[in-house]
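Remarks on the overall topology
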Amino acid sequence: MKIGCHISVAKGFQNASRRAEELGAASFQVFTKNPRGLRPKKIDYQDAERGVAFCREKNITLVVHTPYITNLSTPKADLHEVTIRSIKEDLHIAETYGAVGAVVHCGKHVGEGVEYGTRRMVETLNEILSEYQGSTRLLLENTAGQGSELGLAIEDLVRVREATDYPEKIGFCFDTCHAFAAGVWNEDSFDDLVQTMEETGYLEQLVAIHFNDSKAPYDSRKDRHEKIGQGEIGASALSLFLRCDRFEGLPVILETPVENETEYAEEITYLHQLKDAETTA
Ligand SMILES: [Zn+2]
Ligand SMILES: [Zn+2]
């Protein structure tokens, strides 16, 4: 398991990768560009190359996250076009940084209904991926089901992937907080969750885990991250993930709220303790 955290890329990619090592992170995540914006980004290829070499030398795994304001299911022609252009660019950036995956949130149907939203998501994914030949996979992230968000259930995510023309270019990122808030799992149903992941083929395509506690209760459909052990999921439920051999080897990335990312060093240490602790069952 490669425990790590989200890191700012504001001072360049090489800087971010060095920061990851300083924090004791075996994996990390950066945004491809401003998370609330879609402005194209100037890539500093030399900086990227140095960061990639550093990560390779230190055996650090990278995942990137695409901006939130794209919508794979939008009925609006202009946002549809922007979404495609932006995510294509994100995939290029992800490749340049040597990322194993580029996380994208599932679409929002914005009142058009689940059936429309799902069909539109598949169409948009096809348009994004038709000419893409890179090795970084686009990772569909499960949502908390806020508003009209699609992609709460493991089965739905698998269905979307398989409905596209390019399933081999798509993988999954599982967010523990979103899934809890969507009513997909809690401590009692952890084994069922893993079984569903196995039976549907989801697990085989799982590339990364977003590891967060939740401020909002189970099945609340609210996306509010919390520090590990301080939220509604709790440390004992979350440590089930850390100790489950099915998730061994995957990047496990904290996106918990911090004032300063140096706080992640402590939280990463805490996760290693939870993973290694004897179960008192
Ligand atoms: Zn996430
Ligand atoms: Zn979230």
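Residues numbered from 1 in each chain as written. Chains lettered and ligands numbered in written order. Predicted model: local features only at pLDDT ≥ 70, side-chain atom pairs only at ≥ 80, totals over all residues. Heavy atoms only, no water.

Put simply, the test is: UniProt positions are given in the numbering used here, feature names are shortened, and annotations may be inferred rather than shown by experiment.
Within an unreviewed UniProt entry, the label attached to the chain reads Probable endonuclease 4, and the organism entered is Desmospora activa DSM 45169. UniProt lists a comment for the chain under the heading Sequence similarities (unreviewed entry), and it reads "Belongs to the AP endonuclease 2 family." You can read under Function (unreviewed entry) in the UniProt record for the chain the words "Endonuclease IV plays a role in DNA repair. It cleaves phosphodiester bonds at apurinic or apyrimidinic (AP) sites, generating a 3'-hydroxyl group and a 5'-terminal sugar phosphate."

**As for the sheet that holds strand E4 (residues 101-105)**
Rules: Being paired, for any two strands, means DSSP has found at least two bridges between them. Starting at the N terminus, helices and strands are each numbered in turn, a helix being any DSSP run of H or I of at least four residues and a strand any DSSP run of E of at least two. Lines fitted to the C-alpha atoms define the axes, with helices restricted to the stretch that makes contact. Angles between their N-to-C directions range from 0 to 180 degrees. Here, residues are in contact when the closest pair of their heavy atoms is within 4.5 Å.
Within the closed barrel, the 8 strands sit side by side as E1-E2-E3-E4-E5-E6-E7-E10. Their pairing is parallel. This sheet shows a mean twist of 30 degrees between the axes of neighbouring strands, independent of strand direction. Pairing analysis gives 4 bridges linking strand E6 (residues 170-175) to strand E7 (residues 206-211), with the strands arranged parallel. For Phe174, the partnering residue across the bridge sits in E7 and is Ile209. Seen against the sheet, helix H1 (residues 13-22) touches strand E2 (27-31) and strand E3 (61-65) and runs at an angle of roughly 145 degrees to E2.

**Structural notes on helix H3 (residues 77-96)**
This is how it is decided: Helix span is expected to be 1.5 Å times the residue number reduced by one. Partly exposed describes any residue whose relative accessible area lies between the buried limit of under 20% and the exposed limit of over 50%, with all areas from a 1.4 Å probe on protein chains only and scaled to the type maximum.
Along its 20 residues, H3 runs 29 Å from first to last C-alpha, staying within 8% of the 28 Å computed at 1.5 Å per residue. For H3, the full list of buried residues reads His80, Thr83, Ile84, Ser86, Ile87, Asp90, Leu91, Ile93, Ala94 and Thr96. Elements that come into contact with the buried residues of H3 comprise helix H2 (45-58), E3, E4, helix H4 (114-129) and strand E5 (137-141). Downstream of H3 by a residue or two, Gly98 has a phi angle that is positive, lying close to 75 degrees.

**With respect to the UniProt feature "domain: Xylose isomerase-like TIM barrel" (unreviewed entry) in the chain**
Sequence positions flagged by UniProt for "domain: Xylose isomerase-like TIM barrel" (unreviewed entry) are, in local numbering, residues 18-272. Its end C-alpha atoms 20 Å apart, residues 18-272 is made of 40% helix and 16% strand.

**Some thoughts on the packing of H3 against H4**
Note the following rule: Any angle between 65 and 115 degrees counts as roughly perpendicular, while under 35 counts as roughly parallel, over 145 as roughly antiparallel, and the rest as oblique. Left-handed describes a crossing whose near helix is turned anticlockwise from the far helix through less than a right angle; right-handed describes the clockwise counterpart. Lys, Arg, Asp and Glu make up the charged group, whereas Ala, Val, Leu, Ile, Met, Phe, Trp, Tyr, Cys and Pro make up the nonpolar group; the residues left over, Gly among them, are polar.
Interhelical geometry of H3 versus H4 gives an angle of 45 degrees and a closest axis separation of 9 Å. It follows from the interaxial angle that H3 and H4 lie oblique. When you trace H3 past H4, the crossing you get is right-handed. Counted together, His80, Thr83, Ile84, Ile87, Lys88 and Leu91 of H3 and Arg120, Thr124, Glu127, Ile128 and Leu129 of H4 form the full contact between these two elements. Tallied by class, residues from the contact of H3 with H4 come to 5 nonpolar, 3 polar and 3 charged.

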